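Breakdown of the fold
This is what each chain is made of:
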Amino acid sequence: MGFLFALKGLTMDFQTLLELHLKDPEKRFKGVLLALDPGETTGWTIFKDGKFKVCGQIKTWPIADGVTNLAMLLDTHSPDHVVFERYGIYKWKTETHSNSDVPTLQVIGMIKTLCILESDIPYSMQTAQIAKGFCTDQKLKDWGFWESGQRHARDAIRHACYYLLFRPKNDS
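The structure presented is a predicted model; accordingly, all values stated were derived computationally and were not measured.

**With respect to the nonpolar core**
By size, the foremost hydrophobic cluster in this structure holds 25 residues, and its most contacted members are F14, L33, F47, W143, F145 and C161. Looking at this core, the elements that each hand over two or more residues are α2 (14-21), β1 (32-37), α6 (128-134) and α8 (151-166). Element by element, the count of residues in this core is highest for α8, at eight residues. Discounting residues that sit within four places of it in the chain, F14 has contacts with F47, G50, W143, F145, C161, L164 and L165. Membership of the second largest hydrophobic core comes to 22 residues, among which are V32, W61, A71 and M110.

**What about the packing of α2 against α8?**
At a closest axis distance of 9 Å, the pairing of α2 and α8 adopts a crossing angle of 25°. Relative to α8, the element α2 lies roughly parallel. Residues F14, L17, L18 and H21 of α2 lie in contact with α8, whose contacting residues are C161, L164, L165 and F166. Looking at the contact of α2 with α8 residue by residue, the classes come out as seven nonpolar, one polar and no charged.

**Digging into the sheet that holds strand β5 (residues 123-127)**
Overall, mixed pairing links the five strands, which are arranged β3-β2-β1-β4-β5 in an open sheet. A single partner strand is all that each edge strand has here, and the edge strands are β3 (51-59) and β5. When strand polarity is set aside, the average angle formed by the axes of neighbouring strands in this sheet is 20°. Looking at chain direction, strand β4 (residues 81-86) and β5 are connected through five bridges and run parallel. Looking at the pairing, V83 lines up with S124 of β5. Of the strands in this sheet, β1, β2 (41-48), β3 and β4 are in contact with helix α3 (residues 63-77), which crosses β3 at around 160°.

Procedures and definitions
Residues numbered from 1 in each chain as written. Predicted model: local features only at pLDDT ≥ 70, side-chain atom pairs only at ≥ 80, totals over all residues. Heavy atoms only, no water. Core = buried A, V, L, I, M, F, W, Y, C linked by side-chain atoms within 4.5 Å. Buried < 20%, exposed > 50% of the residue type's maximum accessible area, 1.4 Å probe, protein only. Helix = DSSP H or I, 4+ residues; strand = E, 2+ residues; numbered from the N terminus. Contact = heavy atoms within 4.5 Å. Axes fitted to C-alpha atoms, helices over the stretch in contact; angles between N-to-C directions. Parallel < 35°, antiparallel > 145°, perpendicular 65-115°, else oblique. Nonpolar A, V, L, I, M, F, W, Y, C, P; charged D, E, K, R; others polar. Pairing = 2+ DSSP bridges.

Right, dumping it as C-alpha cells:
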C-alpha cells in the first residue's frame, strides 16, 4: 500500500512506472497479455512484454457472436495469460438482473471455457473497483492509453495495467 500512496500526484509514463515498481526484470510479466472487460460489448487489449500493442471492442452477445469473436481474438493474438473483470451481482443490482440472462456472467463463462479449450491458457480475474480505482481516466491519458469512444477497451487497458503492476506472485 505504501507504493500506491507514494504515487499520488505523480505523473510518469507507464513503462517508467512499471520499471520503478518492478525493479527486478525477472518479476515483470513476459509474453502476451490479453485483458478483457466482459459484457455484451467486450473491451480488449494486448500488451506484449509489458508494452501496449493494440486494443478494441468486440460484440460478445448473443452467445454465438461471443464464442466466434472471442475465439478469433485468442487465435489471432495467442496470449500467454488472460486477465478479465470479475463480475458479481451486488445487492444494488438485483433488480436490474431480475429475469435477466445476465449476459456478462455468460460471457465470462465463455472466456473461461475458451481459455481451457485453447491450450489451457491461464487466466485470472480482478474486480472493476481495483482496476478503475488505480488506473483513473487521468492516468490513462497521461500514459497515452486513452481511447476515445471505446470505454470498454479503456476498461480492458485498466485491467492490463493493474495486472502488470500488481499481479499475484503465483500468476504466470
